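Residue-level structural notes
Here is what each chain is made of, one letter per residue.
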Amino acid sequence: MPGEHQQGLLDTNIMILRRWIDPGELPAEMAITSITLAELSAGPHQVRGGYDEHVERARRMDILQRAENEFDPIPFDAEAARIYGRICAAVVAGRTPRRRVADLMIASIAVAEELPLFTTNPDDFRGLEDLLAVVPVTRPHNQ
């Protein structure tokens, strides 16, 4: 399926796991959103106990710096904001849009830009099939 798409938008989880993902599952022309950049920017500040905090913070900083170097993020603009309402309305019953704001904003940008969304978490976008092309990517086993 991924080979069908020349261009695509990468979900935040793809950016985090990218070094372990088969490049053949990703589009030739990749983009990220300003929302993904925001999530990656928050990552180093969200490190808490349970593992080596310094190592984990450095790992997250590396991901952020690589994203900043490689991509010019697509912004959440007025068109994406208008689409966001439709995206929230399409969410499967029983799921709270407020708790999924970042995912739904990324989906809104994908719809506005007419780009498929590549993700290892396709269930996060369940209910949006009529609005959004979601391309499932195999989650690496070691992650």
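Residues numbered from 1 in each chain as written. Predicted model: local features only at pLDDT ≥ 70, side-chain atom pairs only at ≥ 80, totals over all residues. Heavy atoms only, no water.

**What about the sheet that holds strand β1 (residues 7-10)?**
The strand order across the open sheet formed by four strands is β2-β1-β3-β4, and the pairing between neighbours is parallel. Edge positions in the open sheet fall to β2 (29-31) and β4 (134-136), since each of these has one partner strand only. Within this sheet the neighbouring strands show an average axis-to-axis angle of 35°, counted without direction. Pairing of strand β3 (residues 117-119) with β4, which is carried by three bridges, proceeds in the parallel orientation. The residue bridging Thr-119 from the neighbouring strand is Pro-136, located in β4. (Pairing = 2+ DSSP bridges. Helix = DSSP H or I, 4+ residues; strand = E, 2+ residues; numbered from the N terminus. Axes fitted to C-alpha atoms, helices over the stretch in contact; angles between N-to-C directions.)

**Thoughts on the packing of helix α2 (residues 34-42) against helix α3 (residues 53-70)**
The description of two helices packed together rests on the angle between their axes and the distance between the axes. In the contact formed by α2 and α3, the axes pass within 8 Å of each other and the chain directions differ by 150°. Relative to α3, α2 is oriented roughly antiparallel. In this structure, α2 crosses over α3, and the sense of that crossing is left-handed. Residues Leu-37, Leu-40 and Ser-41 of α2 form the contact with α3, whose own contacting residues are Ile-63, Leu-64, Ala-67 and Glu-68. (Parallel < 35°, antiparallel > 145°, perpendicular 65-115°, else oblique. Left-handed = near helix turned anticlockwise from the far one by under 90°. Contact = heavy atoms within 4.5 Å.)

**What to know about the pattern of salt bridges**
Going through the model one piece at a time under the given rule, you end up with five salt bridges. Residue Arg-66 pairs with Asp-62 through a salt bridge whose shortest N-O separation is 2.9 Å. Placement of the pair is Arg-66 and Asp-62 together in helix α3, with a separation of four residues, close to one helical turn. With relative accessibility at 31%, the residue Asp-62 sits in the partly exposed group. The residue Glu-79 makes a salt bridge to Arg-82 at a minimum N-O spacing of 3.4 Å. Linking Glu-79 with Arg-82, this pair stays in helix α4 (residues 78-90), spanning three residues, or about one helical turn. What makes Arg-82 exposed here is its relative accessible area of 57%. Each of the salt bridges in this network shares a partner with another, and the network as a whole consists of Glu-56, Arg-59 and Arg-60. (Salt bridge = Lys/Arg side-chain N within 4 Å of Asp/Glu carboxyl O. Buried < 20%, exposed > 50% of the residue type's maximum accessible area, 1.4 Å probe, protein only.)

**Quick look at the packing of aromatic side chains**
For the structure shown, the criterion picks out one aromatic pair. Measuring from ring centre to ring centre gives 6.4 Å for Phe-76 and Tyr-84, while their planes differ by 85°; the resulting arrangement is edge-to-face. (Phe/Tyr/Trp six-rings, centres within 6.5 Å; stacked < 30°, edge-to-face > 60°.)

**Re unusual backbone geometry**
Glycine aside, a negative phi is what most residues show, and trans is what most peptide bonds show. Residues other than glycine seldom take positive phi values, yet Glu-114 does so here, at roughly 55°. Structurally, Glu-114 is set in the loop between α5 (101-113) and β3.

**Remarks on the nonpolar core**
Counting 20 residues, the largest nonpolar core has Leu-9, Ile-87, Leu-117, Leu-128 and Leu-132 as its most contacted members. Every element with two or more residues in this core is listed here: α4 and α5. In terms of residue count, α5 provides more of this core than any other element does, seven residues in total. Residues within four places of Leu-9 in sequence aside, it is in contact with Ala-31, Ile-32, Thr-33, Ile-74, Ile-106, Ile-109, Ala-110, Leu-115, Pro-116, Leu-117 and Phe-118. By size, the runner-up hydrophobic cluster in this structure holds 16 residues, among which are Leu-10, Ile-21, Leu-37 and Phe-71. (Core = buried A, V, L, I, M, F, W, Y, C linked by side-chain atoms within 4.5 Å.)

**Observations regarding α2**
Listing the buried residues of α2 in full gives Ile-35, Thr-36, Leu-37 and Leu-40. The elements touched by buried residues of α2 are β1, α1 (12-17), α3 and α5. The N-cap of α2, judged by a side-chain oxygen 3.1 Å from the amide nitrogen of Ile-35 a few residues on, is Thr-33. (Polar contact = N/O pair within 3.5 Å; in protein donor to acceptor, adjacent residues only side chain to side chain.)

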